[in-house]
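Notes for the structure review
Each chain, letter by letter, is given below.
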Amino acid sequence: HAVIGAAFERRFAPSFGFGGSSQSQQLRGFIRMPLDRNRMYVQGSASWRRTDPFVVNELPLDTTQLRSTLGYAATRFLRVEAFYTFTRQDSRIAGGKVNRQRLGAQIVIAQPMRIE
């Protein structure tokens, strides 16, 4: 069975140094589907974020990110993943679009932790 999730977040970030204060809205969604008796899985996610600075001369920024992952759970705490990520940022001015693509592999180690 698949696990599906979505989230919306609105954030106000004060800054006293680099970048200035801003507000942002972000919408995220994901799906995770197991394959091969829950050892292998595929995962996909998408997010969209709009950042509006409070400083008048700063540029607003729109970001869209798509990510797909193929993973294998070697043990309960160790996963090996191959991923592809596409990111587009647009500052809403002429020539302000930046596209970035990443392809890679990673080893994920996760140990559950209990806080008492």
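That block above? That's the structure.
Attention here is on the structure that accompanies the text.

Criteria and thresholds
- Residues numbered from 1 in each chain as written.
- Predicted model: local features only at pLDDT ≥ 70, side-chain atom pairs only at ≥ 80, totals over all residues.
- Heavy atoms only, no water.
- 1 Å grid on protein atoms, 1.4 Å probe; cavity = no way out; pocket = protein on both sides within 12 Å on 5 of 7 lines; lining within 4 Å.
- Points joined across faces, edges and corners; volume = space filled by probe spheres on them.
- Helix = DSSP H or I, 4+ residues; strand = E, 2+ residues; numbered from the N terminus.
- Nonpolar A, V, L, I, M, F, W, Y, C, P; charged D, E, K, R; others polar.
- Pairing = 2+ DSSP bridges.
- Axes fitted to C-alpha atoms, helices over the stretch in contact; angles between N-to-C directions.
- Salt bridge = Lys/Arg side-chain N within 4 Å of Asp/Glu carboxyl O.
- Buried < 20%, exposed > 50% of the residue type's maximum accessible area, 1.4 Å probe, protein only.

1. Some thoughts on the layout of surface pockets
Reported here for the largest pocket is a volume of approximately 210 Å³. Surrounding the largest pocket, 13 residues form its lining, Phe-30, Gln-43, Ser-45, Ala-46 and Arg-67 being those nearest its centre. At the level of secondary structure, the elements contributing two or more residues to the lining of the largest pocket comprise strand E2 (22–35), strand E3 (40–53) and strand E4 (61–73). A total of five residues in the lining of the largest pocket trace back to one element, the largest contributor, which is E3. Class assignment for the residues of the lining of the largest pocket results in three nonpolar, eight polar and two charged.

2. Quick look at the sheet that holds strand E1 (residues 3–13)
Reading across the sheet, the six strands line up as E1-E2-E3-E4-E5-E6 and stay open at both edges, with antiparallel pairing between neighbours. Strand pairing shows two members of the sheet lacking a second neighbour, E1 and strand E6 (97–109), which therefore form its edges. Between one strand axis and the next, the sheet turns through 15° on average, direction left out of account. With 14 bridges joining them, E2 and E3 adopt antiparallel strand pairing. Residue pairing for E3: Gln-26 is matched across the bridge by Arg-49.

3. Notes on the pattern of salt bridges
A complete count under the given rule lists four salt bridges for this structure. Arg-28 is paired through a salt bridge with Glu-9; the nearest N and O atoms lie 3.5 Å apart. Of the two residues, Arg-28 is situated in strand E2 and Glu-9 in strand E1; the sequence distance between them amounts to 19 residues. With a relative accessible area of 37%, Arg-28 lands in the partly exposed category. With relative accessibility at 24%, the residue Glu-9 sits in the partly exposed group. The shortest N-O distance in the salt bridge between Asp-62 and Arg-50 comes to 2.9 Å. Here Asp-62 is found in strand E4, whereas its partner Arg-50 is found in strand E3, with 12 residues between them in sequence. Given the relative accessible area of 13%, Asp-62 is considered buried. According to the relative accessible area criterion, Arg-50 is partly exposed, its value standing at 29%. Counted as one network, the salt bridges with shared partners bring together Glu-9, Arg-11 and Arg-28.

4. Remarks on the pairing of E2
Both E1 and E2 contribute to a ladder of 11 bridges, which runs antiparallel. Following the sheet pairing, Ala-13 is matched in E2 by Ser-22. Between E2 and E3, which pair antiparallel and follow one another directly, the connecting turn spans four residues, one of which, Asp-36, has a positive phi of 45°.

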